[in-house]
Amino acid sequence: MQHDVIVIGSGIAGLSFALELARAGYSVAILTKKSKADSNTNHAQGGIASVTSQSDDFELHVSDTLRAGDGLCREEVVRSIVRDGPLAVNDLAGIGVPFSQLDDGRVSLHREGGHSKRRILHVADVTGRAIEEALLHAISNEPRITLLEHHFAIDLITCRRLARKGLLPASGEDRVLGLYALDVFSNEVITYGAKVVMLATGGVGQVYQFSTNPDIATGDGIAMAWRAGVPIRNMEFIQFHPTALYTTDGERFLVSEAVRGEGAILRNIDGEAFMPRYDSRADLAPRDIVARAIDSEMKRLGSPHVWLDITGRGESQLREKFPSIFEACDKRGINMNRDYIPVVPAAHYLCGGVVTKLDASTRLPGLYACGEVACTGLHGANRLASNSLLEAVVLARHGAAAAISFLKNHARDSEVELPQWVTGRAQDPDERVVLMHNWDELRRTMWDYVGIVRSTKRLERAQARIEQLLREIHDYYWQVKVEPRLLELRNMVRVASLIITCALQRQESRGLHFTLDFPDKNDEIRDTTVRRGGF
Ligand code: FAD
Ligand code: SIN
């Protein structure tokens, strides 16, 4: 199967990029491992940050982003993404995203933690769903795009990989040639060739026992890039969202930060509004600070959650502003207008990822990455709320321009014949219980030892267990025929190992990485970068 471009993932990043390439006349295949709308994007609530109001300005958005990033953002990247935000937002409005408006016709803007202004455009509290729907509709009108649902990308095919098999000379330049993907329904592994591959596979939330992320967030793109020798950066910066709805069944529905933006107050189990004790910005401090404060109050008072109080605002107003959150609470017998909401932090967003330039290119020629899988330097040590949809859509535009020029420059390259996937003597899996056991153990280990507050001892304990799981899963992988759950576990254990490696390297506390053994900042440490086989 040969296409000009293959996009892995059908969230905001992949769909936006695919649209641009198709409009430029290229044939694009989008592979997505489940149904087309299964993505983190589809769950985004608060909205997309961009400077659109008269009372705001780019400098304020830049300085809020730099401040949240705690000294590790790349300023030129921040400036570029903030500056291009309004254009990208316009594009979204242009394909039909119905951003909420005030009664006077101006766009409605949410406020979230770390933002000095109201600047979050939103569609009630279902912004992601509205964006996903509009993008899917736009690509359905593009005859050059083929969308393949239930196609699971397994591994990239690169010149180096073929050279290792003796199929290409070892001396040539490395570049991406395509990938292997499992057609989940036919159980067939298909070989796809393309000069450009865009990794838009999203985040890693499922690596943790408690997460706001849907099932798809298993870090596949990061593990694939790592196996192809592409550098990965700052994996220790896992953002824990402070307010996920606490339930005893382990599900963690997000209660948007926009609820605090509308005045909700965090209270500990005794009813005290504790945030002013931790930060002068109180409930609207950046997420790392709020999540650590909640963690500390829960530990101090031995409570399984804290409360979020937005009572007395009027039921109809709350229903109108936060329809999906109101419904999720209501389903569990909580009336937001009358009752405090029980909330806890949960793994939410990865600030690190595949090292990517401002044009979405990676170290491997032809391979681009964009959205949550990528690490551009926008977020530094902690992402400012609602900057991720912004980054995804701006980088998709930048990446499209770069990929188009790459395709023009390589128009005459001869095609390499790609080898088929070899199943060899692999058997049908007969011990799925091993998969389930390792799956649970991995996620519990990460939650218990690599969470909001870390220590060297906890990280080393996690590392020992994860290394053992890596070996077990690696052996199992080579014995059985591939299936989605196994592929995900293989990727998750690799991602867990990368998170721990980066966390151990960062011997300081900064942004989202807080360790009891190194409570201060060490300005000599910049990025933690890992690459298969070293540099
Ligand atoms: P995703 O939207 O996650 O898409 C990834 C795609 O890749 C999916 O289609 C998936 O199926 C596919 N995929 C993955 N692996 C494979 C594979 N091996 N083979 C084939 N396909 C694969 N950010 C904001 O800026 N504002 C918000 O208000 C906001 N709210 C959020 C609320 C929630 C509950 C969550 C979970 C996140 C929120 N975020 C928010 C973060 C934001 O939604 C994500 O960072 C962003 O949507 C990521 O987009 P993406 O395109 O990179 O990845
Ligand atoms: C939220 O609505 O609180 C999530 C926003 C984000 O993750 O940026």
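Think of each chain on its own: its residues are numbered from 1, step by step along the sequence as written. The naming scheme follows written order: chains are lettered A onward, ligands numbered 1 onward. Confidence filtering applies because this is a predicted model: local features only for residues at pLDDT of at least 70, side-chain atom pairs given and counted only at 80 or more, and all residues used for totals across whole chains, interfaces and linings. To get the side-chain values, take all heavy atoms of the structure and skip hydrogens and water.

## Here's the deal with helix H3 (residues 75-94)
Move 1: The end-to-end C-alpha distance of H3, which contains 20 residues, comes to 29 Å, matching closely the 28 Å that a straight helix rising 1.5 Å per residue would cover.
Move 2: What we call the bend at a residue is the angle made by axes fitted to the seven residues finishing there and the seven residues starting there. Only DSSP runs of H or I covering at least 4 residues are called helices, and only runs of E covering at least 2 are called strands; the numbering of each starts at the N terminus. The principal kink in H3, of about 45°, is found at glycine 85, preceding the proline proline 86 by one to four residues.
Move 3: Buried, partly exposed and exposed residues are distinguished by accessible area as a fraction of the type maximum, computed with a 1.4 Å probe on protein chains only: under 20%, between the cut-offs, and over 50%, respectively. When H3 is considered as a whole, its buried residues turn out to be Val77, Val78, Ser80, Ile81, Val82, Asp84, Gly85, Ala88, Val89 and Leu92.
Move 4: Here, two residues are considered to be in contact whenever any of their heavy atoms come within 4.5 Å of each other. In this fold, the buried residues of H3 make contact with strand E3 (48-49), helix H2 (58-68), strand E5 (120-121), helix H4 (127-140) and helix H11 (387-409).
Move 5: Looking one or two residues beyond H3, the residue adopting positive phi is glycine 96, at roughly 105°. Helix span is expected to be 1.5 Å times the residue number reduced by one.

## Thoughts on the pattern of salt bridges
Move 1: When a carboxyl oxygen of Asp or Glu lies within 4 Å of a side-chain nitrogen of Lys or Arg, that pair is called a salt bridge. Enumeration according to the criterion identifies 36 salt bridges in this entry.
Move 2: A salt bridge links arginine 397 to aspartate 91; its shortest N-O distance comes to 2.3 Å. Placement of the pair is arginine 397 in helix H11 and aspartate 91 in helix H3, with a sequence separation of 306 residues.
Move 3: A residue is classified by how much of its surface remains accessible, and arginine 397, at 27% relative accessible area, is partly exposed.
Move 4: Taking relative accessible area as the criterion, aspartate 91 reaches 33% and is therefore assigned partly exposed.

## Re the environment of tyrosine 477
Move 1: Inspection of the secondary structure puts tyrosine 477 in helix H13 (residues 456-479).
Move 2: For the pair tyrosine 477 and valine 450, spaced 27 residues apart in the sequence, the C-alpha separation amounts to 25 Å.
Move 3: When neighbours within four sequence positions are excluded, tyrosine 477 is seen to be in contact with Ile154, Trp421, Val482, Leu486, Leu487 and Arg490.

## Things to note about the side chain of glutamate 483
Move 1: With respect to the helices and strands, glutamate 483 occurs in the loop between H13 and helix H14 (484-505).
Move 2: Think of a polar contact as two N or O atoms within 3.5 Å of one another; within protein, one of them needs to be a possible hydrogen donor and the other a possible acceptor, and neighboring residues in sequence only count if both atoms come from side chains. In terms of polar contacts, glutamate 483 uses its side chain to reach the side chain of arginine 432, at 3.1 Å.

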